[in-house]
Amino acid sequence: MPSQKIQQLKRIPQYTFFENLFANRLFGSAVWVFAGKLFSAIATVVINGLLARMLTPEELGVYFILLSIVGMAALVAQLGLGQVIVRQISSARGLQDCASIKPDIQFILLVVVIISCVVFFIGQTAWMGKIIHAVFQSQTINSNIFIPFLTVPFLALQTILAEGHRGFDDIPKATVFGGVSTNALLMSFLLGAFFCIAGMTLSQALVFTLIATVVSVVISFALFVKKVHAVSEKCNTVANYKAILSASYPLLVYSLMIFAVNQAPLWIIGSFLSEESVAYYGAALRLVQPITMPLLIVNAIVASKISEMHIRGKHAELERMLRSCATLAGVPSLILLFVFMFFSADVLAVVFGEKYRHANDLLIILCAGKILSVLAGSCGMLLIHTGNEKVLTVTSVIVGLLTVALSILLVQYGAVGIAIAVATGISIQNIILLIVGKAKVGIWTSMHINFFGIKKLL
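Residues numbered from 1 in each chain as written. Predicted model: local features only at pLDDT ≥ 70, side-chain atom pairs only at ≥ 80, totals over all residues. Heavy atoms only, no water.

## Here we look at the overall build of the protein
Phase 1: Scanning the protein from N- to C-terminus turns up 22 helices and zero strands.
Phase 2: Taken across its 458 residues, the protein has 54% of its residues classed as buried.
Phase 3: Within the protein, residue pairs in contact and separated by at least 24 positions form 84% of the contacts whose partners lie at least 6 positions apart.
Phase 4: With an accessible surface of roughly 20400 Å², the protein has 69% of that area assigned to carbon and sulfur atoms. (Helix = DSSP H or I, 4+ residues; strand = E, 2+ residues; numbered from the N terminus. Buried < 20%, exposed > 50% of the residue type's maximum accessible area, 1.4 Å probe, protein only. Contact = heavy atoms within 4.5 Å. Areas by Shrake-Rupley, 256 points an atom, 1.4 Å probe, with all protein chains shown as cover.)

## Quick notes on the nonpolar core
Phase 1: Core analysis: the largest hydrophobic core is formed by 122 residues, its most contacted members being Leu-51, Leu-81, Ile-105, Leu-190 and Tyr-281.
Phase 2: In this structure, Leu-81 is in contact with Ile-108, Val-111, Val-112, Ile-160, Ile-244 and Ser-248, ignoring residues within four places of it in sequence. (Core = buried A, V, L, I, M, F, W, Y, C linked by side-chain atoms within 4.5 Å.)

## Re the packing of helix 4 (residues 57-78) against helix 14 (residues 275-288)
Phase 1: Interhelical geometry of helix 4 versus helix 14 gives an angle of 60° and a closest axis separation of 7 Å. Remark: the crossing between helix 4 and helix 14 carries left-handed chirality. Residues Pro-57, Glu-58, Leu-60, Gly-61, Val-62, Phe-64, Ile-65 and Leu-67 of helix 4 form the contact with helix 14, whose participating residues are Glu-275, Glu-276, Val-278, Ala-279, Gly-282, Ala-283 and Arg-286.
Phase 2: Here the contact of helix 4 with helix 14 is built from residues that sort into nine nonpolar, two polar and four charged. (Axes fitted to C-alpha atoms, helices over the stretch in contact; angles between N-to-C directions. Left-handed = near helix turned anticlockwise from the far one by under 90°. Nonpolar A, V, L, I, M, F, W, Y, C, P; charged D, E, K, R; others polar.)

## A look at helix 10 (residues 171-196)
Phase 1: The first and last C-alpha atoms of helix 10 sit 36 Å apart over 26 residues, in line with the 38 Å expected at 1.5 Å per residue.
Phase 2: Of all bends in helix 10, the biggest is about 50°, found at Val-180. (Expected span 1.5 Å × (residues − 1). Bend = angle between axes of the 7 residues up to and from the residue.)

## A look at the packing of aromatic side chains
Phase 1: Using the criterion set out here, one finds eight aromatic pairs in the structure.
Phase 2: Site record: aromatic cluster; members linked through ring pairs are Phe-120, Phe-121 and Phe-146. (Phe/Tyr/Trp six-rings, centres within 6.5 Å; stacked < 30°, edge-to-face > 60°.)

## Let's talk about the pattern of salt bridges
Phase 1: As enumerated under the stated definition, the model contains five salt bridges in all.
Phase 2: In this structure, Lys-173 engages Asp-170 in a salt bridge whose closest nitrogen and oxygen atoms are separated by 3.2 Å.
Phase 3: A residue is classified by how much of its surface remains accessible, and Asp-170, at 13% relative accessible area, is buried.
Phase 4: Here the salt bridges do not stand alone but share partners, grouping Asp-170, Lys-173 and Lys-227 into one network. (Salt bridge = Lys/Arg side-chain N within 4 Å of Asp/Glu carboxyl O.)

## Re the packing of helix 18 (residues 360-376) against helix 21 (residues 415-441)
Phase 1: Where helix 18 contacts helix 21, the two axes come as close as 8 Å, and the packing angle between them is 5°. Between helix 18 and helix 21, the interaxial angle falls into the category roughly parallel. Listed contacts from helix 21 to Asp-361, Leu-362, Ile-365, Leu-366, Gly-369, Lys-370, Leu-372, Ser-373 and Ala-376 of helix 18 are Ala-415, Val-416, Ala-419, Ile-420, Val-422, Ala-423, Ile-426, Ser-427, Asn-430, Ile-431 and Leu-434.
Phase 2: A per-class count over the contact of helix 18 with helix 21 returns 14 nonpolar, four polar and two charged. (Parallel < 35°, antiparallel > 145°, perpendicular 65-115°, else oblique.)

## Some words on helix 13 (residues 264-272)
Side chains of residues three or four places apart in an α-helix project in the same direction, reflecting 3.6 residues per turn.
Phase 1: Taken together, the buried positions of helix 13 are occupied by Ala-264, Pro-265, Leu-266, Ile-268, Ile-269 and Gly-270.
Phase 2: Next to the buried residues of helix 13 lie helix 4, helix 7 (126-136), helix 12 (241-262), helix 14, helix 20 (389-410) and helix 21.

## Looking at a nonpolar patch on the surface
Phase 1: Taken together, the side chains of Leu-110, Ile-114, Val-118, Ile-122, Trp-127, Ile-131 and Val-135 present a nonpolar region at the surface, about 600 Å² in accessible area.
Phase 2: At the level of secondary structure, the elements contributing two or more residues to the nonpolar patch comprise helix 6 (101-123) and helix 7.
Phase 3: In terms of residue count, the dominant contributor to the nonpolar patch is helix 6 (four residues).
Phase 4: With respect to the element layout, Leu-110 can be found in helix 6. (Patch = residues over 30% accessible without salt bridge, like charges linked within 9 Å, V, L, I, M, F, W, Y side chains within 5 Å.)

## Section: the environment of Ala-349
Phase 1: Topologically, Ala-349 is positioned in helix 17 (residues 344-352).
Phase 2: The exposure class assigned to Ala-349 is buried, which follows from its relative accessible area of 9%.
Phase 3: If sequence neighbours within four positions are ignored, Ala-349 has contacts with Arg-53, Glu-354 and Arg-357.

## Concerning the side chain of Ser-68
Phase 1: With respect to the helices and strands, Ser-68 occurs in helix 4.
Phase 2: When its relative accessible area of 2% is taken as the criterion, Ser-68 is described as buried.
Phase 3: With residues up to four places along the chain from it excluded, the contact list for Ser-68 reads Phe-259, Gln-263, Leu-266 and Trp-267.

## Some points on the confidence of the model for the protein
Close inspection of predicted coordinates is inappropriate in any region flagged by low pLDDT.
Phase 1: Taken over all residues, the pLDDT of the protein has a mean of 79, while the share at 70 or more is 86%.
Phase 2: Taken as a whole, residues 1-23 scores under 50 in pLDDT and shows 13 contacts with residues more than four places along the chain or in a different chain. (pLDDT = per-residue confidence, 0-100.)

## What to know about the side chain of Ser-40
Phase 1: For Ser-40, the location among the structural elements is in helix 3 (residues 26-54).
Phase 2: Since its relative accessible area comes to 16%, Ser-40 is described here as buried.
Phase 3: Apart from residues no more than four positions distant in its own chain, Ser-40 is found in contact with Gly-179, Val-180 and Asn-183.

## Describing unusual backbone geometry
Phase 1: Of note in this structure, Leu-79 is not a glycine but carries a positive phi near 55°.
Phase 2: Considering the arrangement of structural elements, one finds Leu-79 in the loop between helix 4 and helix 5 (81-94).

Here it is in structure tokens:
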């Protein structure tokens, strides 16, 4: 019998990943994610460009710092459960165990809501205000801290709900409510203010951000609840608390370390340098982030597929898929990276205004740091969805601490020194994760350009 099954499998036509991409609904998912990421990238550029023109560089620097603080607080509130909810739902669907989906989701949402409320109230305490003032030495930050912390619960839920939609393979909703709807609303508010109001204050910008986030989360929550009830309306099982929490805390540490690599340097600039320097560095950092959009598209599409294929032991097929995706995503990213590096000053001037030409050195250095991130592919995503989150966490902690230490050491050279530290940290992290992925799972995720295959595809 086994030999007959093997013979039958041999007779099944073998397709390349690109052929399968167009043959099944992955192509539809890719279109949705691409459209969403493209819109978000454009909206991000428009939003930051409008803010740069309506706020002073000092106010824009404060806005970047406040969003950074909120981002860290939201990560803590999520407790690393964003990726866990994807894995729990996709694994249950792969094992046809839909009865466990509803209690797991209820537990995850309850935990996030409770921790979000705790984080919000801690943010309003007097000692938290003293800590923020001691770090940044800015009364403007302290006087505008309430609205950003009010955004934290909604920002945390936005990620959890979007990842929940992704776990159900509902890529359109995951894309729209993972940031597209919020960016669309915020961009609309800012465009209205730009054309209808003579000027805008920092407080108004923060209020617009809060409203856009709240509206998006409310709609996403309503649609997600309906989906969960449809899948498992009657269920007597209980949530797998131990599995959920044991997987969440390493991912929380990993998320915080990723934050440390990307955002903590912004705090160091705010602490040691001027708020104007924060604005220049923040502008360069935000311009670099959309460059990895193709890789983010890939991660959004393959997240649930990794868990399913790993559980079924389809490692060879999984490697082909991840490397093909990395190549497909990497080529346009690298082209855009080099364009930004060679025309950095002009790009900054067009997006943020002439005064931001001074950030061209920062943009070049940060772009150089992103090259290895693009080449390595979805190495971090592979470790998360194959049960290797603890190894990922240890690696990220080491690299995160190294990046922060380098940033403090090189801050004497100004924002350029910080940019060098961040680029170094990102490069080291991706090299390590790529090697660890191969060692733990036996899969390479890096770009692989098969010129014969491309010629055949074309």
